[in-house]
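# Observations on chain architecture
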Amino acid sequence: MAFLMAFTLMPCAAFAEETSAEGQVESLEAERPAEDDAFGEGGLDEAFFAEDADSLIGTLEADEESAAFAVSAVTGIYLDQMHGDDANDGLTESTAVKTIEKANELANAKNINDICLSSFYKVTGAEVWDLGGKTLHRYKLGGYMIELADASASLTLSNVVIDGAEYSVDAAHAAETDSIIKAANGGTIVLNRGAILQNNKAAQFGSGILANNGVNITMEDGAIIRNNTNRNYELGGGIMIGNGSTFTMNGGEISGNTANGGGGVAIIGSTMVMNGGTISNNSVYSTAKPGGIGQGSYGAGVYVADDANASGDDTLFAAQPASFEMNGGKITENTALDYGGGILTFPQQSQKITITINNGEISGNKVTTGSGGAVAAFFGVTELNIKGGTLTGNSAYQFGGGVFLYGTTNVTISGGTISENKALRGGGGVCLREGSAVKQTGGSIENNVAKVGGGIYSGIYTMTGGVIKDNNNSLTEAARLSTLGDGVFVGTAFNLGNDAEISTNNDVYLIAGDSIFKEGRYINVISP
């Protein structure tokens with residue numbers, strides 16, 4: 001429907017354009033469940049997952065012929081580190097000042113809230129910016145906005161909004177640019193309360209922050225990275241860390257960002273520790289095309305890998321181990337098309353990837369065509385340790401509403417709760433594919449739902465402690481008649497002993513067949 005929209009770009013105005021996503025059918029094709037099963041009313045419902053891929057990112061569509069955009073004159077202080085002079089008044093582009101300190105001083109004196117950055121700003125030493133809530137805008141500026149020169153540079157931000165949207169034109173006509181903050185050669189970045197990085201549209205990795213080669217980043221309560229996006233095979237809509245960099249998230253919010261992988265955060269050969277804060281409502285799109293070109297939609301909240309393809313002129317990686325540790329906070333309401341609504345590991349050069357969940361909440365994440373609602377972990381070099389926390393209310397169209405494992409053999413569940421997750425096909429709680437193996441010594445897997453293996457599906461599962469209970473209990477009795485293994489569907493072997501507990505309302509389903517040649521599938525009772 002055609003309609004008229006009139007936008008007036010006053011100071012701070014920005015309209016963030018986001019890229020549409022197109023789904024890719026998950027490669028693990030098998031017979032799909034009957035369409036008459038339904039969630040909610042007691043069964044499994046494909047319609048729950050039949051979300052238009054474009055809605056993952058959100059677009060504003062208008063008839064261009066009828067849309068009208070009115071751009072007003074910019075009122076702000078102009079900052080140009082390359083060509084400006086602090087003796088200028090800063091009121092026009094041609095009379096820009098040179099330093100952020102002078103720009104802030106003039107803005108305070110003239111009661112102006114907006115500073116227009118017209119050339120990239122290089123940080124060469126230790127700089128602390130507290131602009132009292134003012135907004136720093138991108139003004140006729142391609143490329144990155146702020147660059148840390150080297151490992152000796154540091155930037156601490158408080159009470160400043162850095163808006164990556166092009167200030168001089170409406171968002172629909174803005175060109176793709178580069179990161180808001182780029183640190184390609186080390187350095188330190190601290191985001192304190194009131195530091196907001198938003199609305200950037202980049203053509204490479206790390207639309208909000210690109211940090212490579214030993215950069216140290218800390219994010220505190222009240223800091224926000226939001227509504228940033230990139231395109232093509234690019235990682236880290238909110239932030240990307242690479243080559244031995246570290247990111248400590250003590251608080252704050254990373255939300256509404258979009259990328260091909262790691263809509264919120266991409267970790268490449270680096271380390272992230274999440275102690276608090278929220279990673280939410282991020283999404284990933286697919287670049288996959290017929291013939292195996294491109295990549296699927298992976299890791300909407302957090303993407304962890306040992307290596308990645310080069311991006312831009314100077315973002316190069318050397319394969320090395322990577323890790324993500326969660327001690328608190330929430331990863332919630334993120335959406336992927338293919339794998340890993342919350343967290344994904346995807347090693348590419350056989351370097352070790354370690355995921356440790358000690359506490360916190362991973363909830364409400366969704367994979368609309370594939371697997372791994374909360375966590376998707378690939379290959380034998382991935383180590384996954386679930387020691388505490390809660391994985392709840394996540395969903396996957398295919399396998400692993402809670403956890404999806406693909407060839408992953410070093411997995412331990414010693415605590416925490418995996419509950420109320422849903423998978424349309426197999427493994428409402430945990431799905432083990434392609435020779436995956438799990439050791440459960442504690443924790444609870446409960447109230448999950450799937451057509452096959454409401455709690456656990458397939459693989460080699462060894463349980464010497466913990467509880468499996470109440471899975472598929474939310475289904476009606478009629479719906480449960482068509483499920484296989486409310487508690488456990490044995491794929492290769494189910495080893496049970498010591499203090500393990502499987503409640504009486506959860507069965508262990510053993511199907512005939514040779515999963516292992518001459519051995520078949522089996523249940524092994526381990527002596528205490």
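Please read all numbers here as calculations on a predicted model, not as lab measurements.

Our focus in this paragraph is the packing of aromatic side chains. Considering all chains together, one arrives at 20 aromatic pairs under this definition. The interplanar angle of 65° and the centroid separation of 6.5 Å between the aromatic rings of Y139 and Y167 together place this pair among those described as edge-to-face. Highlighted residues: Y139 in the loop between β6 (126–138) and β7 (146–148) and Y167 in the loop between β8 (154–166) and β9 (181–183), separated in sequence by 28 residues. Both residues of the pair, Y139 and Y167, belong to the buried class. The ring of F399 has R433 lying over it, and the distance from NZ or CZ to the ring centre is 4.8 Å.

All right, on to unusual backbone geometry then. Of note in the backbone geometry, N199 takes a positive phi value of approximately 65° without being a glycine. Among the structural elements, N199 can be located in the loop between β11 (195–198) and β12 (209–212). For D470, which is not glycine, the phi torsion reads 60° and is therefore positive. Along the chain, D470 falls in the loop between β43 (460–469) and α3 (477–480).

Turning our attention to a nonpolar patch on the surface. Among the surface-exposed residues, L510, I523 and V525 lie close enough to one another that they form a single nonpolar patch of about 270 Å² accessible area. Tracing the chain through its elements places I523 in strand β48 (residues 522–526). The exposure class assigned to I523 is partly exposed, which follows from its relative accessible area of 39%.

This paragraph deals with the confidence of the model for the protein. Across the protein, pLDDT averages 85, with 81% of residues at or above 70. Contacts of residues 1–42 to residues separated by more than four positions or lying in other chains number 124 contacts, the stretch itself having pLDDT below 50. Predicted confidence for residues 50–73 stays below pLDDT 50, and this span has 52 contacts to residues more than four positions away or in other chains.

In this section: the pairing of strand β24 (residues 322–326). What you see with β24 is a clean split: A322, F324 and M326 sit on the buried side and S323 and E325 on the side with no burial. The sheet contact formed by strand β20 (residues 271–274) and β24 spans four bridges and is parallel. Each bridged residue has a counterpart across the sheet, and for T271 the counterpart in β24 is S323.

Right, let's talk about the side chain of T332 for a bit. Position of T332 among the secondary structure elements: in strand β25 (residues 330–332). Leave out the neighbours within four places in its chain, and T332 touches T278, I279, S280, N281, S363 and N365.

To continue, consider the pattern of salt bridges. The final tally for this structure, using the stated rule, is seven salt bridges. The salt bridge partner of D178 is K182, with a shortest N-O separation of 3.6 Å. Accessibility expressed as a relative area gives 10% for D178, which makes it buried. A salt bridge links K352 to E383, with the shortest nitrogen-to-oxygen separation between them at 2.8 Å. Here E383 lies in strand β32 (residues 382–386) and K352 lies in the loop between β27 (343–345) and β28 (353–357), a separation of 31 residues in the sequence. You can call K352 partly exposed: its relative accessible area is 42%.

Reading the values: rules and limits
Residues numbered from 1 in each chain as written. Predicted model: local features only at pLDDT ≥ 70, side-chain atom pairs only at ≥ 80, totals over all residues. Heavy atoms only, no water. Phe/Tyr/Trp six-rings, centres within 6.5 Å; stacked < 30°, edge-to-face > 60°. Helix = DSSP H or I, 4+ residues; strand = E, 2+ residues; numbered from the N terminus. Buried < 20%, exposed > 50% of the residue type's maximum accessible area, 1.4 Å probe, protein only. Lys NZ or Arg CZ within 6 Å of the ring centre and 35° of its normal. Patch = residues over 30% accessible without salt bridge, like charges linked within 9 Å, V, L, I, M, F, W, Y side chains within 5 Å. Areas by Shrake-Rupley, 256 points an atom, 1.4 Å probe, with all protein chains shown as cover. Salt bridge = Lys/Arg side-chain N within 4 Å of Asp/Glu carboxyl O. pLDDT = per-residue confidence, 0-100. Contact = heavy atoms within 4.5 Å. Pairing = 2+ DSSP bridges.

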